[in-house]
Amino acid sequence: VSSNGEPSRLLLRDLAQVVSAAGAGAPLRGSELGEVAVLEDAFVLCDGARIAEVGRMRDLRAVDGEVEEVDGRGLCALPGLVDCHTHVCFAGDRVGEFELRARGSSYEELHAAGGGILSTVEATRAAGEEALRAAVRRHADWMLHAGTTTFEGKSGYGLDREIELASLRAISVEGGIPTWLGAHAVPPEYDDADAYLDFAIGEVLPEAARIAEAADVFLERGAFSADQARRYLEACREAGLGLRLHGDQFSEQGAIGLAVELDGRSVDHLEATGDDGIRQLAASDVVGVLLPVAALVLGRPMPRGRELVDAGAAIALATDFNPGSAFCESLPLVCSLACTQLGLSPGEALGAVSVNAAHVLRRAERIGRLSPGFDADVVLLDAPDWRHLAYHIGGEVVSAVVRSGRLAWRR
Ligand code: NIG
Ligand code: FE
């Protein structure tokens, strides 16, 4: 609300292009995923926290009353990007492990030796809630500067009652959408996964379910088995949480089948998914969330994005921002990898980080599109053509970000 009591309005004008997914509904699949509506020489008018109007400059009527204007010459407007898979709440770093991997150790070896995720658990447990909030805020700022206006954040580095709940609160207070990753690894005080799950389900879930929107599990050799994942997810579903899985990262352990059986929202990673998994996912409502930075960093095969889309699967793309496998907050870089490594077009990458990512977070009615009535979340690219989102690899492609109708950041 501005000084005169009117809801504040923001006019992004003289934009080179205004771009949004063209296909209706969510998730977008097959050829619809790549269809993009481009308006040249256009504007976006935000009224309070909502988009009021989108159109060509020649159709812009006089806007009376107080309006803040942004000169969009040479810039493209895209929907604020949606990062549907991040691990933002952690303390410390794993730069030492990064060097060990650069020298030839593998991620799974380091994990089995008690490093990896468990070393971040140790640092996170030692941090305290205020420090965790500061860490989430710092990471959310990095994401904002890369064009992300909505992010999901997972817990999973506490693995005890206090720090799991503190992590979920920190994510929520700092504007993220919290997912309880209670089954990320077995913490050192338990010698088997089932005993840990008894504790997590019995002692943490009741409170976690009041803060989080979804639950997640790392279904993988060395982490949780399919039976353990089923038990955890069924309990989480019973408590009202949406279901997500880290699956097929290193090996196929039945994650897709389990997600389909339990009506999960997504299976994320899919680097190891074979032909049957692609078919099974394509025939379902489960979204495949592809995380090409993790595949790149760990030297794994890339997920088969082209084949998934062609088979009719709904896919989204995300950073997987975390201290181990993907210390990267940039969805534009993810789009670059999608176009150069996964065989996707710029339009498909855009649909995957907007509408389809919003669908994974059950917000596709409100975010992910530049349409009247949607949240006024807009990225302004420093480029005359929206495809620079993916084309400008690792570049400073974001010029400004509008969130909830306000200029939240400008380069
Ligand atoms: O999505 N695969 C498991 N979890 C994360 C990595 C977490 C970490 O290494 O700290 C992932 O890649
Ligand atoms: Fe992850």
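Going along each chain's sequence as written, the residues are numbered from 1 onward. All chains are assigned letters beginning at A, and all ligands numbers beginning at 1, according to the order in which they are written. Local features in this predicted model are restricted to residues of pLDDT 70 or higher, and side-chain atom pairs are both shown and tallied only at a pLDDT of 80 or more, whereas totals for entire chains, interfaces and linings draw on every residue. No hydrogens and no water enter the side-chain calculation; it runs on all heavy atoms of the structure.

Caption draft 1: A look at the packing of aromatic side chains. In this analysis, rings of Phe, Tyr and Trp, with Trp reduced to its six-membered ring, are considered paired at centre separations within 6.5 Å, and the interplanar angle assigns stacked below 30 degrees, edge-to-face beyond 60, and tilted for intermediate values. This structure, assessed with the given rule, holds 11 aromatic pairs. Geometrically, the ring pair formed by Tyr-196 and Phe-199 is tilted, given 6.1 Å between the ring centres and 45° between the ring planes. Of this pair, Tyr-196 and Phe-199 both sit in helix H7 (residues 193-211), 3 residues apart, which is roughly one turn of that helix. Like Phe-199, Tyr-196 is buried. Aromatic side chains Tyr-196 and Phe-224 sit 6.4 Å apart centroid to centroid with 40° between the ring planes, which places their arrangement in the tilted category. Placement of the pair is Tyr-196 in helix H7 and Phe-224 in the loop between strand E9 (214-218) and helix H8 (226-238), with a sequence separation of 28 residues. Like Tyr-196, the residue Phe-224 is buried in the burial classification. Under the DSSP-based scheme used, a helix requires at least four consecutive residues in state H or I and a strand at least two consecutive residues in state E, with every element numbered from the N terminus. Exposure classes here rest on a 1.4 Å probe applied to the protein chains alone. A residue is buried below 20% of its type maximum, exposed above 50%, and partly exposed in between.

Caption draft 2: Geometry of the site of ligand 1. In the vicinity of ligand 1 there are 15 residues, among which Arg-94, Tyr-107, Tyr-157, Gln-249 and Ser-325 approach most closely. Definition of a polar contact: a pair of N or O atoms within 3.5 Å, with one able to donate and the other able to accept a hydrogen when the atoms are protein atoms, and with sequence-neighbouring residues admitted only if both atoms are side-chain atoms. A distance of 2.7 Å separates an oxygen atom of ligand 1 from a polar side-chain atom of Ser-325. Within the shell around ligand 1, the residues separate by chemical class into 4 nonpolar, 9 polar and 2 charged. Note on definitions. A residue lies near a molecule or strand when any single heavy atom of the residue is within 4 Å of it. Residues are sorted three ways: Asp, Glu, Lys and Arg are charged, Ala, Val, Leu, Ile, Met, Phe, Trp, Tyr, Cys and Pro are nonpolar, and all the rest, Gly among them, are polar.

Caption draft 3: Fine view of the coordination of the iron ion (ligand 2). Sites may look incomplete because water is not among the atoms; the donors themselves are N, O and S atoms within 2.8 Å of the metal, or within 3.2 Å for Na, K and Ca. Taken together, His-85 (NE2), His-87 (NE2), His-246 (NE2) and Asp-320 (OD) make up the protein donors of the iron ion (ligand 2), found 2.1 to 2.2 Å from the metal. When the donor residues of the iron ion (ligand 2) are listed from N- to C-terminus, their spacing reads H-x1-H-x158-H-x73-D. Residue His-87 is located in the loop between strand E6 (81-83) and helix H2 (95-102), and its partner His-246 is located in strand E10 (residues 242-247); the two are separated by 159 residues in the primary sequence. His-246 shares its class with His-87; the two are buried.

Caption draft 4: Representation of the environment of Ala-226. Position of Ala-226 relative to the elements: it lies in helix H8. Among the residues examined, Ala-226 registers a relative accessible area of 26% and is labelled partly exposed. Between the C-alpha atoms of Ala-226 and Leu-258, which are 32 residues apart in sequence, the distance is 7.6 Å. Two residues form a contact once any of their heavy atoms are found within 4.5 Å. Ignoring sequence-local partners within four residues, the contact set of Ala-226 consists of Leu-219, Gln-253 and Leu-258.

Caption draft 5: Geometry of the environment of Glu-189. Tracing the sequence through the fold places Glu-189 in the loop between strand E8 (177-183) and H7. Residues Glu-189 and Glu-97 lie 92 residues apart in sequence; the distance between their C-alpha atoms is 23 Å. The contact partners of Glu-189, leaving out residues within four places of it in the chain, are Arg-125 and Leu-159. Of the polar contacts made by the side chain of Glu-189, one reaches the side chain of Arg-125; its length is 2.8 Å.

Caption draft 6: Representation of the sheet that holds E9 within the structure. What the 8 strands build is an open sheet, ordered E6-E7-E8-E9-E10-E11-E12-E13; its pairing is parallel. Because the sheet does not close on itself, it has two edges, and the strands there are E6 and strand E13 (315-317). Neighbour to neighbour, the strand axes of the sheet diverge by 25° on average, direction disregarded. Paired strands, as defined in this entry, are two strands with at least two bridges between them according to DSSP. Judged from the 3 bridges that link them, strand E11 (residues 266-269) and strand E12 (residues 287-290) form a sheet pairing that is parallel. Its bridge partner being in E12, Val-267 is matched across the sheet by Gly-288. Every angle, taken between N-to-C directions, lies between 0 and 180 degrees, and every axis is a line fitted to C-alpha atoms, over only the stretch in contact when it is a helix.

Caption draft 7: Structural view of the side chain of Thr-120. Looking at the secondary structure, you find Thr-120 in helix H4 (residues 117-125). Here Thr-120 falls in the buried class, since its relative accessible area comes to 2%.

Caption draft 8: Spotlight on helix H10 (residues 275-282). Of the residues making up H10, those classed as buried are Gly-277, Ile-278, Leu-281 and Ala-282. Projected down its long axis, H10 shows its buried positions confined to an angular sector of 130°, all on one face. In H10, the exposed positions angled more than 90 degrees off the buried face are occupied by Asp-276 and Arg-279. Buried-residue contacts for H10 involve helix H9 (255-261), E12 and helix H12 (305-311). This arc is taken over the directions from the axis of the helix to the C-beta atoms.

Caption draft 9: Looking closely at the nonpolar core. The nonpolar core is taken to be a set of buried Ala, Val, Leu, Ile, Met, Phe, Trp, Tyr and Cys residues, with the residues joined through side-chain atoms within 4.5 Å. The biggest cluster of nonpolar side chains holds 102 residues, and the ones touching the most others in it are Leu-78, Trp-180, Tyr-232 and Leu-317. For this core, the element with the most residues is H7, which contributes 11 residues. With sequence-adjacent residues up to four places away left out, Leu-317 is seen in contact with Val-82, Cys-84, Leu-290, Pro-292, Leu-331, Val-334, Ala-338, Leu-342, Leu-344, Ala-349, Ala-352 and Val-353. If you look at the next biggest cluster of nonpolar residues, it comprises 18 residues, including Ala-42, Val-70, Ala-77 and Val-378.

Caption draft 10: Up close: the packing of helix H5 (residues 129-145) against helix H6 (residues 161-173). Look at H5 against H6: their axes get within 9 Å of each other, and the N-to-C directions meet at 40°. Judged by the inter-axis angle, H5 sits oblique to H6. Here H5 and H6 pass one another in a crossing that is right-handed. Residues Glu-129, Leu-132, Arg-133 and Val-136 of H5 lie in contact with H6, whose contacting residues are Ile-163, Ala-166, Ser-167, Arg-169, Ala-170, Ile-171 and Val-173. Each residue belonging to the contact of H5 with H6 can be placed in one class, and the counts come to 7 nonpolar, 1 polar and 3 charged. For classification, angles of less than 35 degrees are called roughly parallel, those exceeding 145 degrees roughly antiparallel, those between 65 and 115 degrees roughly perpendicular, and all remaining angles oblique. Crossings are assigned a handedness: left-handed for a near helix turned anticlockwise from the far helix by less than a right angle, right-handed for a clockwise turn.

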